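The lines below spell out each chain.
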Amino acid sequence: MVRSRSSSSSSSSWGPWRVLHPAYYLKRPRRLGILFVVFVLAYFAFWDRQTLVREHEAEISKLKEELNRLQDQLRKAEDRSVKPDEHFTSDKMIDKSIVKIDSINNERREKVKEAMLHAWNSYEKYAWGQDELQPQSKNGVNSFGGLGATLVDSLDTLYIMGLEDEFQKARELSAQHFDNCLTSFCLNAGGCEHVNFNKDYEASVFETTIRVVGGLLSAYDLSGDGVFLEKAKDIADRLLPAWDTSSGVPYNRINLARGQAHNPGWTRGDSILADSGTEQLEFIALSQRTGDPKYQQKAENVIRQLQKTFPNDGLLPIYINPHSGSSSYSTITFGAMGDRKMWETSMEGLLSLVRRTTPSSFTYICEKNGVSLSDKMDELACFVPGMLALGSFGYGSEKGEKILSLAEELAWTCYNFYQSTPTKLAGENYFFHSGQDMTVGTSWNILRPETVESLMYLYRLTGNKTYQEWGWNIFQAFEKNSRIESGYVGLKDVNTGAKDNMMQSFFLAETLKYLYLLFSPPSLISLDEWVFNTEAHPLRIVPRNDKAEAVSRGADANPITKAPVRPFGRKQGRSEHH
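Residues numbered from 1 in each chain as written. Predicted model: local features only at pLDDT ≥ 70, side-chain atom pairs only at ≥ 80, totals over all residues. Heavy atoms only, no water.

A. Just the pattern of salt bridges, in detail. Summed over the entire model, instances satisfying the criterion amount to 23 salt bridges. For the salt bridge of Glu-114 with Arg-483, the shortest nitrogen-to-oxygen distance reads 2.8 Å. With Glu-114 in helix 6 (residues 103-126) and Arg-483 in strand 17 (residues 483-484), this pair connects stretches of sequence that are 369 residues apart. Relative accessible area serves as the criterion here: at 25%, Arg-483 is assigned to the partly exposed category. Between Asp-244 and Lys-298 there is a salt bridge, with the nearest N and O atoms lying 2.8 Å from each other. In this pair, Asp-244 sits in the loop between helix 10 (226-239) and strand 6 (253-255) while Lys-298 sits in helix 13 (residues 294-308), placing the two residues 54 residues apart along the sequence. Connected via shared salt-bridge partners are Asp-153, Glu-207, Arg-211 and Glu-535. (Salt bridge = Lys/Arg side-chain N within 4 Å of Asp/Glu carboxyl O. Helix = DSSP H or I, 4+ residues; strand = E, 2+ residues; numbered from the N terminus. Buried < 20%, exposed > 50% of the residue type's maximum accessible area, 1.4 Å probe, protein only.)

Here it is, written out as C-alpha cells:
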C-alpha cells in the first residue's frame, strides 16, 4: 500500500509538467513532430525579428547622420544671415532675383556636374592612381612623378558638386597608406602601385604647392578630415629645403627624396617670379592650421625680399636671382611665368601696358621687354579681369569704377579669344595688329580655366548675367570639340579642331569647378569666406594674428607693410571712401 501510494503520488505530481519531460514525447512521435515544427517556426520568427531590429537600427543611424548634416547646414546658413542694418558684402549684395537659382541655371549646373562625372569616371577607368589621363590612347601618364595629380586636384571639386560617393572613394585611396606615402592606388588590372613622396623625382615646387598642398588643404577645410592636413604637412616638409637660399627666394625644383633643390637650366640659374611669388597662400594657410610658423616664415620672407628691390612702376621681370634676390633683365608679362605682386603699385604699372585695337577697340595687355612693348597677350593673362574686379572694391568710388570697367573690357577681349576661332575655343596666345583686331598665335587649347575664372568673379561681384551666358557658350564649345567617349582632350589647333591626347588635371580642378560655381548661388563657396589659390582650390579665410606673427618673425624683422583689410564688398568697399 505504501508503495502504491508513493507511485500514485508521483504520477499525480507529474501532472501538467509532463509535457516538459523528453520521455513524454518518446511515446508520442506525432506530438514530437509538432513540437519540432513549432520550434523551427519560432526560431525563424526570432531570427527575422533580429534582422529587422538590426536594419531598423541601421536606418535610425543613417537618419541621425542626415539630421546632424542638415542641422550643420542650417547652422551655417544662420551664421551667414545678415541683419538689415548690417553692411552687405559682395555675395550678399546681389539682388534676390539674381541669387535665385532659376531652372536654366540649375540645368546648366547639372550639365557641368555631368561633365565632371564623365571626366572623373574616365580617369578612374583608364588612369586610376596616375597623374593624368590620356583619353585617346586610354591610359595614364605620370606627368608629375606619380603624385596622383588628378586625384588630389579633383577632391574639392567632387566635394563641392555633392558627388559624395566619388569623394569618399578618392579619400579612401588617398588615406590608404601614410608611411611616407601620399596614396596607395589599387589598380583595376590588379596589384597595387604605391605613390609616395619619398622618391627620386625632381618636382616643380610651384606645381606641387598649388596642386598637392593646395588640394589637400582645401579638402581638409571642406571636409574637416584630418588625414588631408597630415598629408599636406608631409609634402610641404619635403618642399621646404627649396627655400634654403642666401636670399630666401626659393629654387623652383627639388628632389623629393634627397631634398636637393635647384633651378632648371633654361632659366640660367634664376628663379621664376610666378613660382616664388605664388606659394604664400598655401604655406600661410598650413601654418594657421598646424600652429607651426615655419611654413609662413619661409613664404613671407620672399615678399620681404622682393620689397627691397621693388620698382616704382610695380612691374617685376619674370626672373629673380635666388642668391642676391635681385631681379634679372627679362620680360614683364601678366601671362606665362608672371604674377600679381604689391597690388596697387603694380596696378599702376599694368595701366601703362593697356592698349586697344582697331577697329573693334578690344582692350588688351602688352608684354614689356626692357623699354619695348609687344602687342601680344596670353590666354593665361585672362585671370586679370577677375583679379582686377576683386581688387577694385578696395579703392574709392571713382578709382574703383575705373578698375572694374577695365576688368569688364578685358573680359570681353578674353571671351572673344574664344569666339574668334572656328571651334569657339581660345588659342594659347594672341597678337594684335592695327586695323585687324586680333589673330591667334600659338593655336593649341589645353582646356585652360583663366577666362571662366574671371567670368565667375565678375558675375558674383556685379550680378550681370551676361557673364553666365558667355561661360555657357564656352562650356558648350568644350562639349562639342573636347569631349570624347573616354574623357576630355585639348585641341592641337583651334582652327582645325584636331585633338590632342591629354586631359589636364586642372580641367577638373579649375575649369569645371569655376563653371559649376558660375551657375550656382553665390553662397556656395562664398567669396566672403573662401579664397581660391592658383589651382582654384578654395581655402577658408582665417583672420591673421599679426601681433603674434611679428613676434614669430623676431623683433628686428622688417614687417610687411599691409594695406587696410577690406572685404570684397561693393557697398562696403565704396562707402568707406565717400
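On we go from here.
B. Just the sheet that holds strand 14 (residues 376-378), in detail. Reading across the sheet, the three strands line up as 14-15-16 and stay open at both edges, with antiparallel pairing between neighbours. The sheet is open, and its two edges are formed by strand 14 and strand 16 (437-440), each paired on a single side. On average, each strand axis in the sheet is inclined to that of its neighbour by 30 degrees, with strand direction left out of account. Pairing between strand 15 (residues 429-433) and strand 16: four bridges, direction antiparallel. Following the sheet pairing, Phe-431 is matched in strand 16 by Thr-439. (Pairing = 2+ DSSP bridges. Axes fitted to C-alpha atoms, helices over the stretch in contact; angles between N-to-C directions.)

C. Just helix 7 (residues 149-160), in detail. For helix 7, the buried fraction is high: 11 of the 12 residues fall into the buried class. Taken together, the buried positions of helix 7 are occupied by Ala-149, Thr-150, Leu-151, Val-152, Asp-153, Ser-154, Leu-155, Asp-156, Thr-157, Leu-158 and Ile-160. Gly-162 sits one or two residues past helix 7 and shows a positive phi near 75 degrees.

D. Fine view of the packing of helix 14 (residues 343-351) against helix 15 (residues 384-392). Relative orientation of the contacting elements helix 14 and helix 15 amounts to 130 degrees, with a least axis distance of 12 Å. Of the possible angle classes, the one that applies to helix 14 and helix 15 is oblique. Where helix 14 crosses over helix 15, the handedness of that crossing is left-handed. Here helix 14 contributes Trp-343, Met-347 and Leu-350 to the contact with helix 15, which in turn contributes Val-384, Met-387, Leu-388, Gly-391 and Ser-392. Here the contact of helix 14 with helix 15 is built from residues that sort into six nonpolar, two polar and no charged. (Parallel < 35°, antiparallel > 145°, perpendicular 65-115°, else oblique. Left-handed = near helix turned anticlockwise from the far one by under 90°. Contact = heavy atoms within 4.5 Å. Nonpolar A, V, L, I, M, F, W, Y, C, P; charged D, E, K, R; others polar.)

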